[in-house]
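# Survey of secondary and tertiary structure
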Amino acid sequence: MPKFDPLREPLDHGDWDRVVVLLNGMDAQVAGDALQGLPAESQKQLFAKLPVDTAAKIAGVLPYFEAYVLLHSRPLEEMRDIVDRMDSGERLRFFDELPEEAWQQMTDEMGAERTGEIEHAHALPAKPEPLPVLPLIEARQVEKRYARAGGGSTQVIAPTDLTVESGLITSMLGPSGSGKSTLLRMLSGLSEPSSGEVLWHGKPLRESDGGGPNCAIVFQSFALFPWLTVVENVEVPLVARGMRVRERRRKAIKALDSVGLRGFASAYPKELSGGMKQRVGLARALAVQPEVLFMDEPFSALDVLTAENLRGELMELWLSRKMPAKSIFLVTHNIEEAVMLADRILVLGRNPARIRADFRIQIKHPRDRNAPEFLVYVDYIYKLLTQPTLDAAHPPTMAGAKQAYQMIPHARIGSIGGLLELLNDRGGSDDLYRVADELRMELDDLLPIVEAAALLKFAKSARGDVEVTYEGKKFAEAEIHDRTRLFRDAALANVTLLQQMQSALMSKSDHTMPLEFFRDVLREHFAEDEMKLQIDTALNWGRSGDIFTYQPETDRLALFSAVIPAEADEVETS
Amino acid sequence: MSDSASSTRHSFPPWAAVSSTVPSLLRDLPILAAGLGIFWGLISLSRYWGSNAGSQPDIELRLAVLPKYALFSVARIAIAYAVSLMVTIVYAYVAAHNAKAERIMIPLLDTLQSIPVLSFLPPVMIAMVGLFPSRQLGVELGSIVLIFTGQVWNMTFSVYSSLKNIPRELLEAAEVYRLSWWQKLIQLELPYSAIGLVWNSMMSVAGAWFFLMACEMFTLGNRDLRLPGLGSYLETAANAGNMRAVAWGLAAMVSVIVLMDQLIWRPAIAWSEKFKFEQVEASQTPRSPVLDVLRQSRLLSFAAAVTVAPVREAVTLRLARLHTEARPRHASAWGSRTALACGTAAAAVIVFAVARMIVELSTISLYGVREILTGAAATFLRVEFVLVLAACWTVPVGVYIGLRPRLAALAQPLAQIAASVPATALFPIILVALIRVGGGLGVGSIVLLMLGTQWYILFNVIAGASAIPTDLKEVCNIYGLRGRDRWRKLLLPGIFPFLITGLVTASGGAWNASIVAEYTRIHNQTYSTVGLGAVISRCADSGDFAVLLGATVVMATMVVTVNRLLWRRLYALAQTRYKLET
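Residues numbered from 1 in each chain as written. Chains lettered and ligands numbered in written order. Predicted model: local features only at pLDDT ≥ 70, side-chain atom pairs only at ≥ 80, totals over all residues.

### Comments concerning the overall build of chain A
From N to C terminus, chain A includes 26 helices and 16 strands. A buried classification covers 43% of the 574 residues belonging to chain A. For chain A, restricting intrachain contacts to residue pairs at least 6 apart in sequence, the fraction spanning at least 24 positions comes to 72%. (Helix = DSSP H or I, 4+ residues; strand = E, 2+ residues; numbered from the N terminus. Buried ≥ 20, exposed ≤ 12 C-beta atoms within 10 Å, placed from the backbone. Contact = placed C-beta atoms within 7 Å.)

Here it is in structure tokens:
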């Protein structure tokens, strides 16, 4: 990690003043980058030491969420001074990007009486936190490709560099189908990358002894063996390590004790609730004393309250260091969950998957999900995910020269209509995280609908907001009959696959085509599962917009106007 | 270990509560008695095989021999089942784990599954009798081979598809926690396959009775290849016109089947319940008093604790340590070379056998060819006619019963008992009656085939009709759909998938039955009708091996072809278009 280098040597010696001098002398952009490379606590401590001018200069180039948190690490008056001295353009941009709660608080603070109501502690430790030396896991240019039926291969994960550091909870966020789980499986050694390599402690995976890396996975579906009792389930990995009966029983009971399930040792998993099952999964993982604890959407199969409770207990185990794991790697599609738990967040983009952003969360535990600083992060992640072109970490890298094929978000038109109506009722636009909160929808469910509305130009999503366009407003207010027409026009104007389908059907004399033809077209660009989803969605859209009809028996598409002219006329005249 | 854990926390039904107050020694009494019974059975079996092996046994009709005959019949099935179980696990395990082998093994399995096993009855019996110096031993082995062939394939398929359908996350858990192949087999793969295996074992053994009866009463012309057992007892009794003996024989057969159900299958099903892959506990679970007795037995749990548990522990730990130390690379290179050698050898044998077969087939005369073809056509038409005929009465009756839940609850067990008697056991009785009435085998064979097929269809139609959702029935009532419309829009589409399943099973049964239904010998007189089954039996009788081979190949090919072209397509249609999704 070369970013650290200019500050590493003085920091290692605890020479804060020298670091401040160094930062003072640097170009704002370079200083900002260097600062962001440091552990969260060190960042705050350094920023608190910076002269007001330098702080203003650096705050101007930082991402708004970082700037927001760092600014609040200084006493109120100093913060106001810094904001006042920021470049006016940068200040405007900063305020503009803040979500509503944070903007409100910032404005209040700027205008408030100069009292010391917000207190900040500033006792600097003698030595800053040591900088990480060697990451636990390092993935170098790992890539995943799946062979296509007709030869060639589809890239699902673009060559990616990734590290997992000791002492941190790293969370990987991304929309469904973005390859989060595949990346997790490559890091844990379950799945081999098509190219590139994964290093544990600097050694390639296959050279590690004892049959594999020392890790454990907590699965979304729990993956317990229903025919074994709770304690036998926890013992499964211990048996695999050749541990004798008495010792493994003792370890298993200890692990169960730590998740509060000791009394259920002889129960069968099917007698337990979902939350308890996942605790068994956690106990099984902890029993092997893993170095890295991988968690693959561990809370998604649970109801909201249970999930919340379990998250709290996980954090308690982690913060009290009762957990043997040195690091937790958590895959999730729940933004709030990631911001709640993680010290570091990786945001994945899809098709093919690549890391779009990698940043640290600078909020102390326990975190309050209604705090403005919390919402700043949530808003930022929404912004990233709704703007596929916005690349925080890397400039857009087109690995292959091939232009990516347009991907249809998997949304039904009923949901698109519902979202547009909701937004229209609320004055045309709103913050995405509010919409998600109001609808009690998770990112995975909401995002495709927003993307679909944006693709059809019914809505615009920018900077974490979503706004209904003129066409969208018309669609939201139209009657059923007109909606079909509006949808058809929008779909044919904006969706490549539907355009191709329609023109292919028109060019045929009988106006029909086998669907398999289009499947083949898509196989060039997507993996098999994704191809099926694309075709399903295209069928739904094409049929909803009266573009074509589909016969499942013959697996053929037929142009709508060619098949139903008589009936269509009847409707017109009646 | 898991058994003892479960028995301590299981909630028991009333009878168990009573038995828990009984001293434990008394509770173990039935188990001790059963142990002694099994011991006696083994001794008398070994005496029979030790002494009678060479000579031709007389089939006696005294009532006193019935328990012994029943024991012999059960022993044949048990041995065939044990072999099937071993072959099943090995075959399915290899097919599921080795992609290259899978590509050959699964289509092969698919074909073997649809070949009518009984078409091999005459050739296998002849081969076995020729192969073994002691004729009796040859016939014994022949019957076991045939029963094995009849029951192994669906068991194998069930285990294979279970292994292939293990949820991905369970497999990943096994891998990330580094389970050895052995631990994975006994803690994940076998438990996951257990329920399917138990059900298919039950079906296989029920089907085995069908083949066993045919084997035990098998005669070729004037050569008597019968085996002492329930099948030969029934046949001899029917031939002798001894109706009292026939009744006792049937009673013995039904009680053996019912006893096996109560003592083996019910406990097995109740036991396999714990392997159900479900997230929540089912409200109603199958129970078995026998299983509860076994689970409560201190004797058994003690025996298991000193024998099975330590061995399993030692093997598991040893293999676990080997697994974590092992470098699998070398082993796999060696393994693939062995596999290559085995594959080449197998291919060579197959090529040789096919070549010999072609040489043999080329000696068939024009007359023989014509005979095979007319026979094939006749049997084909007969089988399809029987299916249509059976569907004609079972569909209305089955729908009538299925739509009335109370009637269905009453009729189902009765029909199950009726169907549990293998059709082949009834053949001699019905034949004797038919011949007295004066009908030939032309009509007789159709009656016999019906007997073997109609139950499958009836069961499935009843099940299908009772599965039609109430809301669909109500929709029909509201819109006044009656008579023909009701049948066309609701009832026929509703039962379609079930009807097809029934017809597929029935079709397989009918082809098998045609071998024994088209050609038979009563009172030293041969009765036969035109058909492929008759050709096969007659040629085996007269030693015309070329035509025998040709007819067997034609029958197998025909059945496989009809399966592929007709039944599989209908089945696919039923599964997609006519599936009632909830």
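Read on for the rest.
### A few points about the interface of chain A and chain B
Tallying the contact residues gives 28 residues for chain A and 33 residues for chain B. If you tally residues by element for the side of chain A that touches chain B, the top one is helix α11 (residues 230–240) of chain A, at five residues. Class assignment of the residues belonging to the side of chain A that touches chain B gives a composition of 16 nonpolar, eight polar and four charged. (Nonpolar A, V, L, I, M, F, W, Y, C, P; charged D, E, K, R; others polar.)

### Some remarks on the sheet that holds strand β4 (residues 195–200) of chain A
All names here are of chain A. Strand order in the open sheet formed by four strands is β2-β1-β4-β5, with antiparallel pairing between adjacent strands. With one partner strand each, in any of the chains shown, β2 (153–164) and β5 (203–204) form the two edges of the open sheet. Against the sheet, helix α10 (residues 180–187) makes contact with β1 (137–147), β2 and β4, and its axis sits at roughly 125° relative to β1, the strand it touches most. (Pairing = 2+ DSSP bridges. Axes fitted to C-alpha atoms, helices over the stretch in contact; angles between N-to-C directions.)

### With respect to the environment of threonine 394 of chain B
Residue and element names in this part refer to chain B. For threonine 394, the position within the fold is in helix α17 (residues 366–402). The exposure class of threonine 394 is buried, given the 24 C-beta atoms found within 10 Å. Along the chain, threonine 394 and leucine 361 lie 33 residues apart, while their C-alpha atoms are 41 Å from each other.

### Remarks on the sheet that holds strand β3 (residues 169–173) of chain A
Residues and elements named next belong to chain A. As summarised here, the arrangement of the six strands in space is β6-β7-β8-β3-β9-β10, forming an open sheet in which the pairing is mixed. In this open sheet, the two edge strands, each paired with only one partner strand, are β6 (215–218) and β10 (354–360). If you compare each strand with its neighbour and ignore which way they point, the axes differ by 20° on average. As defined by bridge partners, strand β9 (residues 344–349) adjoins β10 across six bridges and the pair is classed as antiparallel. Looking across to β10, one finds that glycine 349 is bridged to arginine 354. Its contacts with the sheet put helix α16 (residues 372–386) on β3, β9 and β10, and the angle it makes with β9 is roughly 20°.

### Some words on the packing of helix α13 (residues 274–287) of chain A against helix α14 (residues 304–319) of chain A
To describe two helices that pack against each other, one gives the angle between their axes and the distance between the axes. Residue and element names in this part refer to chain A. Here α13 crosses α14 at 30°, and the two axes come no closer than 9 Å. The pairing of α13 with α14 is recorded here as roughly parallel in orientation. Classified by chirality, the crossing of α14 by α13 is right-handed. Contact with α13, carried on its side by Gly274, Gly275 and Gln278, involves Thr306, Asn309 and Leu310 of α14 and no other residues of that element. Its residues assigned to classes, the contact of α13 with α14 shows one nonpolar, five polar and no charged. (Parallel < 35°, antiparallel > 145°, perpendicular 65-115°, else oblique. Left-handed = near helix turned anticlockwise from the far one by under 90°.)

### Structural notes on the domain arrangement of chain A
Residue and element names in this part refer to chain A. Looking at the assigned domains, one finds that chain A contains domain 1 (2–111), domain 2 (135–211 + 329–394), domain 3 (215–289 + 292–325), domain 4 (409–477) and domain 5 (494–574). Relative to domain 4, the C-alpha centre of domain 2 lies at a distance of 27 Å. Across the contact, 12 residues belong to domain 2 and 12 residues belong to domain 4. A per-class count over the side of domain 2 that touches domain 4 returns five nonpolar, five polar and two charged. (Domains from an automatic or database assignment.)

### Considerations on the confidence of the model for chain A
Caution applies to low-pLDDT regions: their predicted coordinates should not be interpreted in detail. For chain A, per-residue confidence averages 82 on the pLDDT scale, and 89% of positions sit at 70 or higher. Across residues 566–574 of chain A, confidence stays below pLDDT 50; counting only partners more than four residues off in sequence or on other chains, it has zero contacts. (pLDDT = per-residue confidence, 0-100.)

### Here we look at the domain arrangement of chain B
All names here are of chain B. Each assigned domain of chain B is listed here: domain 1 (74–228) and domain 2 (363–576). Placing a centre on the C-alpha atoms of domain 1 and another on those of domain 2 gives a separation of 24 Å. Facing 21 residues of domain 1, the contacting portion of domain 2 comprises 23 residues. Of all the secondary-structure elements, those providing two or more residues to the side of domain 1 that touches domain 2 are α6 (99–114), α7 (121–131), α10 (181–216) and β1 (219–220). In terms of residues, the side of domain 1 that touches domain 2 owes the most to one element, α10, which gives five residues. A breakdown of the residues in the side of domain 1 that touches domain 2 according to their chemical character gives 16 nonpolar, five polar and no charged.

### Focus on the pairing of β1 of chain A
Residues and elements named next belong to chain A. Where β1 meets β2, eight bridges bridge the pair, whose relative direction is antiparallel. Counted as the bridge partner of alanine 139 is leucine 162 from β2. Note that β1 and β4 share five bridges and pair antiparallel. Of the residues in β4, the one forming a bridge with glutamate 143 is serine 195.

### Describing helix α24 (residues 545–576) of chain B
An α-helix turns once every 3.6 residues. As a result, residues three or four positions apart point the same way. For α24 of chain B, with 32 residues, the first-to-last C-alpha span of 45 Å sits near the 46 Å given by 1.5 Å per residue. Considering bend angle alone, the principal kink of α24 of chain B is centred on asparagine 563 of chain B and spans about 40°. (Expected span 1.5 Å × (residues − 1). Bend = angle between axes of the 7 residues up to and from the residue.)

### Digging into the packing of helix α3 (residues 28–36) of chain A against helix α5 (residues 52–61) of chain A
All names here are of chain A. With their axes 8 Å apart at the nearest point, α3 and α5 run at an angle of 80° to one another. Comparing their axes, α5 and α3 come out roughly perpendicular. Residues Ala28, Gln29, Ala31, Gly32 and Leu35 of α3 form the contact with α5, whose participating residues are Lys57, Ile58, Gly60 and Val61. The residue makeup of the contact of α3 with α5, split by class, is five nonpolar, three polar and one charged.

### Re helix α20 (residues 441–467) of chain B
Residues and elements named next belong to chain B. Counted at 1.5 Å a residue, the expected span for α20 with its 27 residues is 39 Å, and the 39 Å between its end C-alpha atoms agrees. Of all the bends found along α20, the most pronounced is centred on threonine 453 and spans about 35°. For α20, a buried count of 21 out of 27 residues is recorded, marking the element as mostly surrounded by other parts of the structure.

### Looking at unusual backbone geometry
Peptide bonds are, in most cases, trans, and in most cases residues other than glycine have a negative phi. All names here are of chain A. Going from histidine 365 to proline 366, the amide bond is cis rather than trans, its omega being -10°. Relative to the helices and strands, proline 366 resides in the loop between β10 and α16. One non-glycine residue with positive phi stands out, namely arginine 321, at about 60°. Tracing the chain through its elements places arginine 321 in the loop between α14 and β8 (327–332). The phi dihedral of lysine 457 falls on the positive side, at around 60°, and the residue is not glycine. As for its position among the elements, lysine 457 is in the loop between α19 (443–455) and β12 (459–462).

### Some remarks on the confidence of the model for chain B
Residue and element names in this part refer to chain B. Across chain B, the average pLDDT comes to 82, with 89% of residues at or above 70. Considering only residues more than four positions removed or in separate chains, one finds that residues 1–19, a stretch of pLDDT under 50, has 20 contacts. Among the prediction metrics, the complex's ipTM stands at 0.77, with pTM recorded as 0.77.

### Some points on the nonpolar core
In this structure, Ala59, Leu256, Ala283, Ile381, Leu420, Val450 and Ala453 of chain A are the most contacted members of the largest nonpolar core, which totals 172 residues. When sequence neighbours within four positions are dropped, the list of residues in contact with alanine 283 of chain A reads Val234, Ala255, Leu256, Ser258, Val259 and Leu261 of chain A. By size, the runner-up hydrophobic cluster in this structure holds 114 residues, among which are Phe72, Val395, Phe459 and Val554 of chain B. (Core = buried A, V, L, I, M, F, W, Y, C linked by C-beta atoms within 7 Å.)

### Considering the environment of proline 497 of chain B
Residues and elements named next belong to chain B. With respect to the secondary-structure elements, proline 497 resides in helix α22 (residues 483–517). With 315 residues separating them along the chain, proline 497 and tryptophan 182 place their C-alpha atoms 39 Å apart. If we skip the residues at most four places from it in the chain, proline 497 touches Gly464, Ala574, Gln575, Tyr578 and Lys579.

### As for the pairing of β9 of chain A
Residue and element names in this part refer to chain A. Most of β9 sits inside the fold, with five of its six residues counted as buried. Note: β3 against β9, four bridges, orientation parallel. What sits directly across from leucine 173, in β9, is valine 347. In this structure, the hairpin formed by β9 and β10 is closed by a connection of four residues, where asparagine 351 is found at a positive phi of approximately 55°.

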